[in-house]
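# Structural features, examined
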Amino acid sequence: MIKFGTGGFRAIIGEDFTKENLELIAKALSQMIFQDGVSDKPVIIGYDRRFLSDLAAQWISSVFAAEGITVHLIDFNAPTPMIMFQVKEEQAAYGIAVTASHNPAEYNGVKVFTSGGRDATEKVTDRIENEIAKINKNEISRMDFSKALKAGLIKRINPQNAYIDSILSLINIEAIKDRGLRILLDPMYGVSKTTLQTILMTCRCDVEVIHDRHDTLFGGRLPSPSSDTLAHLSQLVVKGGYDLGIATDGDADRIGLIDANGTFIHPNDILVLLYYYLHEFKGWKGGVVRNIATTHCLDKMAEAFGETCYEVPVGFKHISSKMEETDAIIGGESSGGLTVKGHIRGKDGVYAGALLTEMYSVIGKPLSEILNDIHSKYGNFFMSEADFRMTQERKEELQKLLFEEKNAPDFGLEIEKVSYLDGFKVYFKNGGWIICRFSGTEPVLRIFSEMSTQEEADRINKIFQDFLHL
Ligand SMILES: O=P(O)(O)OC[C@H]1O[C@H](O)[C@H](O)[C@@H](O)[C@@H]1O
């Protein structure tokens, strides 16, 4: 079955990630391209380092070519944000990345991008699903890949330099050059090495790289930056006396950060740091967009700056839409994705890594000290995060309990409001909150809570877990 979730279509290789399903997606998108009257524009296609990604990009390209639609293929493993960048550059109507982002190694998938270089909205992915339902798979034609190359219907392109230069043009290179930083980069066996290393070296940083060989099993770990998966990076940063450790997830749209003392800087804090830096140091004016499961410290900061913090459901497509609508200067999620005004509308771990390096160089203090300054001004926010893997039957049971019968635990705190925008979220009068929602990318239930102390955040989280017998 082809179902687009929070971040594209993801499936287990051989189960639903099959040649047949990829061809269906390509055919559906071709139909939409003709319906929209944009068949004169190329479709941008790229892929990551996962098992079968390169081949899958060829299968998809062959279907477009058979329809007479030109494909511009980035024929080497590329960061997802580079593919989005190219969609923006060529004013293409659609782009595709073959990737399952940070999912386990047995997954692969497809992300679809639309004009301006952003994740397709639900409206677009619903439309793809509807088109798929109308297709007779026996009628899908494909053009031989090498013939399509010769015919010019598939053209290999290399936007790497343009992408790198575009990021460099947005960064204060001189400020970084002065600091002579030593940075340890961890692409998590993914795709950021060439771009991020080149950018940082252009800024005269001394860059060493770990976990950069092609390993479709991602070294046996999830290619998703977290304090667990970055434990090795953290140890090496301390041991080697580096200024920063920077990681990106499997397709380099998410960022992970390690301070010089080995501390894992949570994505919530990365957003807080960058909003503070952009607003207070670079003098940018404007609001911030966060998803429903991201720190409310951003709300407090925005309020103090005389700006607005906007809340959207989980999924970067919602962040992009809200940023377009409000002209906010930064948008991001507690899962590690962010983007900044003036760049692509999708999340970009490579750009985020470069901007954080600039921030660190300009402010000139250890990240934990900057965070202490921020928290002493805007208050303390501690998050407790719990994920629970579950079967489809259990999920349906809990969905019924939470969203149909609308049952909820008693937290013993005064409630300001509740929301069913994405899952079930309770906002407490004391400024804390808790959300319980099903992931749109993995078979898990997520419970996130945020309070002014870690103990309180954990306690509230535990109440919800006990209520659901988890
Ligand atoms: O919590 P989930 O639904 O699994 O989503 C977690 C993350 O998955 C993907 O990376 C999406 O692109 C993000 O926008 C989302 O925050």
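Calculation notes
Sequence order sets the numbering: in each chain, residues are counted from 1 along the sequence as written. Owing to the predicted nature of the model, reporting of local features is limited to residues with pLDDT of at least 70; listing and counting of side-chain atom pairs is limited to 80 or more, with chain, interface and lining totals taken over all residues. Working from all heavy atoms in the structure, the side-chain values ignore hydrogens and water. For the purposes of this entry, the term helix denotes a DSSP run of H or I that reaches at least four residues, the term strand denotes a run of E that reaches at least two, and both are numbered from the N terminus. Here the term buried applies to any residue with accessible area under 20% of the maximum for its type, exposed to any over 50%, and partly exposed to those in between, with areas from a 1.4 Å probe on protein chains only. Each Phe, Tyr or Trp ring (for Trp, its six-membered ring) is paired with any other whose centre lies within 6.5 Å, and the angle between the two planes then decides the class: stacked below 30 degrees, edge-to-face above 60, tilted in between. A ring is considered to have a charge above it if a Lys NZ or an Arg CZ atom is located within 6 Å of its centre and within 35 degrees of its normal. Any residue with a heavy atom lying within 4 Å of a molecule or strand is counted as near it. Contacts described as polar in this section are N or O atom pairs within 3.5 Å, which, within protein, must combine one atom able to donate a hydrogen with one able to accept it, while residues neighboring in sequence count only if both atoms come from side chains. Each residue is assigned to one of three groups, with Ala, Val, Leu, Ile, Met, Phe, Trp, Tyr, Cys and Pro labelled nonpolar, Asp, Glu, Lys and Arg labelled charged, and all others, Gly among them, labelled polar. What marks off one domain from the next here is an automatic or database domain assignment. Residue contacts are defined here by distance: any two heavy atoms, one from each residue, within 4.5 Å place the two residues in contact. When two parts are brought into contact, each loses some accessible area as probed by a 1.4 Å sphere; the total of that loss over both is the buried area. By convention in these notes, a salt bridge is any Lys or Arg side-chain nitrogen within 4 Å of a carboxyl oxygen on Asp or Glu. Nonpolar side chains (Val, Leu, Ile, Met, Phe, Trp, Tyr) within 5 Å and like charges within 9 Å form the patches, drawn only from residues with over 30% relative accessible area and no salt bridge. The method behind every accessible area is Shrake-Rupley, applied with a 1.4 Å probe, and residues are considered shielded solely by the protein chains displayed. Only when DSSP finds a minimum of two bridges between them are two strands counted as paired.

With that out of the way, let us pick up unusual backbone geometry. Phi at Ser101 is positive, roughly 55°, even though this residue is not glycine. Assignment of secondary structure puts Ser101 in the loop between strand E5 (94-98) and strand E6 (107-114). A relative accessible area of 1% places Ser101 in the buried class. For Ala252, which is not a glycine, the phi torsion comes out positive at approximately 65°.

Here we come to the packing of aromatic side chains. A full pass over the atoms with the stated rule returns 13 aromatic pairs. Taking the centre distance of 5.9 Å and the plane angle of 85° together, the rings of Phe305 and Tyr378 count as edge-to-face. Of this pair, Phe305 sits in helix H11 (residues 297-305) while Tyr378 sits in helix H14 (residues 367-378), and the two are 73 residues apart along the sequence. A centroid spacing of 6.3 Å and a plane angle of 75° characterise the contact between Phe464 and Phe467, whose relative ring orientation is edge-to-face. One end of the pair is Phe464 and the other is Phe467, both in helix H16 (residues 454-467) and three residues apart, which spans about a single turn. Among the aromatic side chains, those forming a connected cluster through ring pairs are Phe403, Phe411, Tyr420, Phe424, Phe428, Phe438, Phe464 and Phe467. Taking NZ or CZ as reference, Lys417 lies 4.4 Å from the ring centre of Tyr427, over its face. The cationic tip of Lys425 hangs over the ring face of Trp433; the distance from NZ or CZ to the ring centre is 4.4 Å.

With respect to spatial proximity, 16 residues lie near the ligand, and among them Glu333, Lys347, Ser439, Thr441 and Arg446 are the closest. The separation between an oxygen atom of the ligand and a polar main-chain atom of Gly440 is 2.6 Å. Residue composition of the shell around the ligand, by class: two nonpolar, eight polar and six charged.

It is worth spelling out the domain arrangement of the protein chain at this point. Note: interface size is frequently given as the accessible area lost on complex formation between the parts. Partitioning the protein chain into domains gives domain 1 (4-158), domain 2 (163-378) and domain 3 (382-467). Computed over C-alpha atoms only, the centres of domain 1 and domain 2 are separated by 28 Å. Taken together, the 29 residues of domain 1 in the interface contact 37 residues of domain 2. Buried area between domain 1 and domain 2, both sides added, is near 2500 Å², and the carbon and sulfur share of it is 59%. Sorting the residues of domain 1 by area buried against domain 2 places Arg49, His102 and Arg118 first, and these three jointly supply 29% of that buried surface. The interface formed by domain 1 and domain 2 holds three salt bridges in total. One salt bridge connects Asp253 with Lys111, and the closest N-O pair in it is separated by 2.7 Å.

Further remarks concern a nonpolar patch on the surface. On the surface, a nonpolar cluster with roughly 240 Å² of combined accessible area is contributed by Ile415, Val418 and Tyr420. Looking at the secondary structure, you find Val418 in strand E19 (residues 415-419). We classify Val418 as partly exposed; its relative accessible area is 43%.

Let us look at the sheet that holds strand E12 (residues 255-258). Within a sheet, each strand pairs with its neighbour through backbone hydrogen bonds, oriented either parallel or antiparallel. The strand order E10-E9-E11-E12-E13 describes an open sheet built from five strands, whose pairing is mixed. Two strands lie at the open edges of the sheet, namely strand E10 (206-209) and strand E13 (264-265), each paired on one side alone. In the sheet, E12 pairs with E13 via two bridges, with the strands oriented antiparallel. The residue bridging Leu257 from the neighbouring strand is Ile265, located in E13.

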